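These are the residues of each chain, in order.
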Amino acid sequence: MLLAGVQMFEGVREKFSKVVKGKEDKNLAVFIDGPNILRKELNVDLGSIKQVLSKYGKMKIGRVFLNQHASNKLVEAVVNQGFESIITVGDIDVSMAADAVEAVYNPAIHVIAFVTRDSDFLPAIVKAKREGKETIVVLGVEASAAALKNNADHVIVIGKDF
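If you're wondering where the values come from, they're calculated on a predicted model, not measured in any experiment.

Draft legend 1. Fine view of the pattern of salt bridges. What the rule picks out here adds up to five salt bridges. The residue D99 makes a salt bridge to R63 at a minimum N-O spacing of 3.0 Å. One end of the pair, D99, is in helix α5 (residues 93–104); the other, R63, is in strand β2 (residues 58–67), with 36 residues separating them in the sequence. With a shortest N-O distance of 3.7 Å, K129 and D153 are connected by a salt bridge. Residue K129 is found in helix α6 (residues 122–130), and its partner D153 is found in the loop between α7 (146–151) and β6 (154–157); the two are separated by 24 residues along the sequence. Given a relative accessible area of 39%, D153 falls into the partly exposed group. Shared partners join several salt bridges into a network, and the residues in it are R63, E84 and D99.

Draft legend 2. Summary view of unusual backbone geometry. Unlike most non-glycine residues, N43 shows phi in positive territory, near 50°. Looking at the element boundaries, N43 is found in the loop between α2 (34–37) and α3 (46–53). N43 sits in the exposed class, given a relative accessible area of 68%.

Draft legend 3. Fine view of the sheet that holds β2. Strands sit in the order β3-β2-β1-β4-β5-β6 across an open sheet of six strands; the sheet is parallel. The two strands at the open ends of the sheet, each matched to only one other strand, are β3 (84–88) and β6. Going across the sheet, the axis of each strand differs from the next one's by a mean of 20°, ignoring polarity. Relative to strand β4 (residues 111–116), strand β1 (residues 27–33) runs parallel, the two sharing five bridges. Counterpart to A29 in the pairing with β4 is I112. Its contacts with the sheet place α5 against β1, β2, β3 and β4, and it is angled at close to 170° to β1.

Draft legend 4. Spatial organisation of the packing of α5 against α6. Contact geometry of α5 with α6 gives a least axis separation of 9 Å together with a crossing angle of 0°. Accordingly, the angle class assigned to the pair α5 and α6 is roughly parallel. Residues A100, V101 and V104 of α5 lie in contact with α6, whose contacting residues are A124, K127 and A128. Residue composition of the contact of α5 with α6, grouped by class: five nonpolar, no polar and one charged.

Draft legend 5. Here's a closer look at the packing of aromatic side chains. Under the defined criterion, the tally for this structure stands at three aromatic pairs. Consider the rings of F31 and F114, whose centres lie 6.2 Å apart with planes at 35°: the pair is tilted. Of this pair, F31 sits in strand β1 while F114 is found in strand β4, placing the two residues 83 residues apart along the sequence. According to the relative accessible area criterion, F31 is buried, its value standing at 0%. An aromatic cluster is built from F31, F65, F114 and F121, whose rings are joined through pairwise contacts.

Draft legend 6. Layout of α3. Restricting attention to buried positions, one finds in α3 the residues L46, I49, V52 and L53. Down the axis of α3, the buried side of the element spans an arc of 125°, and every buried residue falls inside it. Those residues of α3 that are buried lie in contact with β1, β2, α4 (72–80), β4, β5 (134–139) and β6.

Cut-off values and rules
Residues numbered from 1 in each chain as written. Predicted model: local features only at pLDDT ≥ 70, side-chain atom pairs only at ≥ 80, totals over all residues. Heavy atoms only, no water. Salt bridge = Lys/Arg side-chain N within 4 Å of Asp/Glu carboxyl O. Helix = DSSP H or I, 4+ residues; strand = E, 2+ residues; numbered from the N terminus. Buried < 20%, exposed > 50% of the residue type's maximum accessible area, 1.4 Å probe, protein only. Pairing = 2+ DSSP bridges. Axes fitted to C-alpha atoms, helices over the stretch in contact; angles between N-to-C directions. Contact = heavy atoms within 4.5 Å. Parallel < 35°, antiparallel > 145°, perpendicular 65-115°, else oblique. Nonpolar A, V, L, I, M, F, W, Y, C, P; charged D, E, K, R; others polar. Phe/Tyr/Trp six-rings, centres within 6.5 Å; stacked < 30°, edge-to-face > 60°. Arc of directions from axis to C-beta.

Given below as structure tokens:
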């Protein structure tokens, strides 16, 4: 009788843990708009961004999008902080949005974070929410990207929240 009760409890616990995912069970995809965020005047530290976002899950995808003018020193710094650097010719927005939408359809990803200063990624956030992903925006300044602030599940402002 006791063994049956323990087995039933374990079965309920297992089902419950699949339904309610804690932070430690969530996988995070982070997409950073390099040209808009990695600027001297913002003094952004990728390590701090990574640390702040760690409370939402474990980073499985971490990409910093840079244009062709990024210095080798910047690319090296990005890699040293545990991010993948994606270098594109011209505007990075299309590449970043395409990668983010790909992550939306990745069943292993539960949370998608955008680090930017503009609203260019609103369609990707809307798509992520529609598909059941938790969304985060990390903004360069508090006054930026009102559309992102009003659509994301969580908003973090560099310089204010960390």
